[in-house]
Amino acid sequence: MMLLFCFVFLPGQRMCFAEVVTGSAVIVNGNVNAAREAARQDAMRSYAERQVGVYVDSHTEVSLNMLISDRIVTDSRGYVQIKKVIKEWQQGDIYHVQLDLAADTASIETNVKDIRRRIEMMSDTDPRKGIQIAVSGANGKTSAVNMNRINHYIQAKIQSEMEDIGFNVEVNDDVRDYMAIHNDMSDPSVSAEVRKIARNTRGPEDALLRGVLTTVNVRPDKGCYTATVSAAFELVGLEDNHVSSFAEYFTAVGQTAEDAEIKATRMAAKEATEVLGQKVLRLMQKLYRGGSKHLGATLVFSGIVDRNGQEQRILQGLQAAMCQVRNSSFTSNGNYKVVITTTSHASMHDLRQAILQNIPGLITGNDNENALGAKKLYFTF
């Protein structure tokens, strides 16, 4: 189905000169209508990026350029006007459109300033609420270059989606460095190591969004290039065992090999953040429902010499520390393991101090940095 666009421009709006722009898209599963719309989006986005680039002209702000142009094309059709569809044609499995476009440059300029200001305000959000980001590329130098752009794009996009409820986003370089070498998302040992690194290098963040974007192939195709990118993302809770996954292939067309790869990689990042971004919000809203953080933790007590007596002392102390016991058991090595939840403590540090204050004779134990799973707190008598 061909979409029709209607635009009304108020007096005083500045329109840039019309420009003829070509957009292309791959026909997937024979769906020509979807490819036609994707090709239009490609042309409009390419045109919008050039207009945005007038106001974002630093090479260090490529991700900001991409984020703003996404919003202009996807969220606000009124920024770009299709004055005329000049021609459309199909060449093999690629659909092309040639559009005569114009843009409301005054609105674009205002939008660039607004998004820049909102991103700069992120540093003022509540530091207790946050998520780590770690995205890595694979398959060659070009992917590595693109991933520097895409990683910042993902960070800015998730920040934008989460800004209204006040969450911070932090890039975990330690996880990124590990994933650059170990990028098999399906390997359980890699997943365990990634969670361990994230947990041991975390600040106040409650979850990790990790991902690997791999260039499957880039090939010349009837005068242009087609690139296919594989995207695998995973949202991992750092204080619980929450996991959500995303995996899909994306194909895009470009005038150069690098252009095609950038487009395909951005499509993957955009789709992944939209899918997992909603899961991030639901996870955070669950953690902070009612304005209080619902903290869950596994507590490990060692130095047990009197099971009955020390168990009662622990349970009474946890009750006094405003913790609700969900499960408890003695392990094979004689430790006492307790799973608790609480809304009275905003962080693991606060929880640890409350437990120490309410259980006589208890001291902080050594953390097991190689432990699997979610965050644990260790104590000993």
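Residues numbered from 1 in each chain as written. Predicted model: local features only at pLDDT ≥ 70, side-chain atom pairs only at ≥ 80, totals over all residues. Heavy atoms only, no water.

Caption draft 1: Fine view of the overall build of the protein. Counting its regular elements, the protein contains 9 helices and 13 strands. Counting all 381 residues of the protein, 49% fall into the buried class. Partitioning the contacts of the protein with sequence separation of at least 6, the portion at a separation of at least 24 is 69%. As displayed, the protein has an accessible area near 17900 Å², and 49% of this comes from carbon and sulfur atoms. (Helix = DSSP H or I, 4+ residues; strand = E, 2+ residues; numbered from the N terminus. Buried < 20%, exposed > 50% of the residue type's maximum accessible area, 1.4 Å probe, protein only. Contact = heavy atoms within 4.5 Å. Areas by Shrake-Rupley, 256 points an atom, 1.4 Å probe, with all protein chains shown as cover.)

Caption draft 2: Layout of the sheet that holds strand β12 (residues 363–364). As summarised here, the arrangement of the 5 strands in space is β10-β11-β9-β13-β12, forming an open sheet in which the pairing is mixed. Single-partner strands in this sheet number two, and they are β10 (324–330) and β12. Note: β12 against strand β13 (residues 376–380), 2 bridges, orientation antiparallel. If you follow Ile363 over to β13, its bridge partner there is Thr380. (Pairing = 2+ DSSP bridges.)

Caption draft 3: Molecular detail of the pattern of salt bridges. Tallied over the entire structure, the rule returns 12 salt bridges. Between Lys113 and Glu109 there is a salt bridge, with its nearest N and O atoms 3.6 Å apart. In this pair, Lys113 and Glu109 are both assigned in helix α3 (residues 105–120), 4 residues apart and thus about one turn of the helix distant. A relative accessible area of 24% means that Glu109 is categorised as partly exposed. A network of salt bridges, in which partner residues are shared, links Arg36, Arg40 and Glu88. (Salt bridge = Lys/Arg side-chain N within 4 Å of Asp/Glu carboxyl O.)

Caption draft 4: Expanded view of the confidence of the model for the protein. Model confidence for the protein is summarised by a mean pLDDT of 78, while 77% of its residues fall at 70 or above. In the predicted structure, residues 1–13 sits below a pLDDT of 50 and forms 22 contacts with residues beyond four places in sequence or in another chain. (pLDDT = per-residue confidence, 0-100.)

Caption draft 5: Structural view of the pairing of strand β6 (residues 207–221). Of the pairings in the sheet, the one linking β6 to strand β7 (residues 224–237) comprises 14 bridges and is antiparallel in character. Across the sheet, the residue bridging to Arg219 is Thr226, located in β7. Hairpin remark: β6 followed by β7, antiparallel, with 2 residues in the connecting loop; positive phi at Lys222, about 55°.

Caption draft 6: Up close: helix α6 (residues 188–201). Between its first and last C-alpha atoms α6 spans 20 Å; for 14 residues at 1.5 Å apiece the expected length is 20 Å, and the two agree. Along α6, the residues classified as buried are Val190, Val194, Arg195, Lys196, Ile197, Ala198 and Arg199. (Expected span 1.5 Å × (residues − 1).)

Caption draft 7: Up close: the pairing of β10. Where β10 lies against strand β11 (residues 336–342), 6 bridges are found, and the strand directions are antiparallel. Looking across to β11, one finds that Gln324 is bridged to Thr341.

Caption draft 8: Fine view of the sheet that holds strand β3 (residues 94–103). With respect to topology, 3 strands assemble into an open sheet ordered β1-β3-β2, the strand pairing being antiparallel. For this open sheet the edge positions go to β1 (19–26) and β2 (80–91), each flanked by a neighbour on one side alone. Neighbour-to-neighbour, the strand axes of this sheet turn through a mean angle of 25°, independent of strand direction. Bridging between β2 and β3 involves 10 bridges; their strand directions are antiparallel. Residue Gln91 lies in a different strand from β3, and its bridge partner there is Ile94. (Axes fitted to C-alpha atoms, helices over the stretch in contact; angles between N-to-C directions.)

Caption draft 9: Focus on unusual backbone geometry. For Asn29, which is not glycine, the phi torsion reads 55° and is therefore positive. Within the chain, Lys222 stands out as a residue other than glycine whose phi angle is a positive 55°. Inspection of the secondary structure puts Lys222 in the loop between β6 and β7. A relative accessible area of 49% means that Lys222 is categorised as partly exposed.

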